[in-house]
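Results of the structural survey
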Amino acid sequence: MAAARGVRAVGRRSRKLFDFFVAEVPWTVSSKELKEYFSQFGSVQRCQLPFDKDTGFHKRYCWIKFSTPEDVQNVLQKDSHILEGAKLVLKQQLQRRRSQRKTQSE
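Parameters at a glance
- Residues numbered from 1 in each chain as written.
- Predicted model: local features only at pLDDT ≥ 70, side-chain atom pairs only at ≥ 80, totals over all residues.
- Heavy atoms only, no water.
- Pairing = 2+ DSSP bridges.
- Helix = DSSP H or I, 4+ residues; strand = E, 2+ residues; numbered from the N terminus.
- Axes fitted to C-alpha atoms, helices over the stretch in contact; angles between N-to-C directions.
- Contact = heavy atoms within 4.5 Å.
- Buried < 20%, exposed > 50% of the residue type's maximum accessible area, 1.4 Å probe, protein only.

The name recorded for the protein chain in an unreviewed UniProt entry is SLIRP protein, from Syrrhaptes paradoxus.

Spelled out as structure tokens, the structure:
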């Protein structure tokens, strides 16, 4: 039980390293397709699309990590993101990384 709590805590911390939370992802879209779609705005470093153990389907949300802040700005410049006819809901992750906090305070 303690191990499960530790895994959840690590998961929460690691999600802070992502640039965007994406909701309303269509059931038919894979992480590969999400990565391909967002690659038009810049270099996608990581796409995390969690799956439900019971159903085997993804949970209809994901996290996207870009290589540079310029890539993030490219995504923000587009008004809406539509994939397979569904409008994706993007929320920018505003928490700063630890490395950024340290360099700003020094």
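That covers the picture; the talk isn't over yet.
1. Description of the sheet that holds strand 2 (residues 44-48)
Spatially, the five strands line up as an open sheet ordered 2-3-1-5-4, and their pairing is antiparallel. The open sheet has two free edges, formed respectively by strand 2 and strand 4 (81-83), since each of these has just one partner strand. If you compare each strand with its neighbour and ignore which way they point, the axes differ by 30° on average. Strand direction decides the pairing type here: strand 4 and strand 5 (residues 86-92), joined by three bridges, are antiparallel. When the bridges of strand 5 are listed, histidine 81 appears paired with leucine 88. The sheet strands contacting helix 2 (residues 31-38) are strand 1 (20-23), strand 2, strand 3 (61-66), strand 4 and strand 5, and the helix crosses strand 2 at an angle near 145°.

2. Re unusual backbone geometry
Positioned with a positive phi, arginine 60 is a non-glycine residue whose angle comes to about 70°. Among the structural elements, arginine 60 can be located in the loop between strand 2 and strand 3. Accessibility expressed as a relative area gives 28% for arginine 60, which makes it partly exposed. Phi angles above zero are rare outside glycine, and glutamate 84 is one such case at about 50°.

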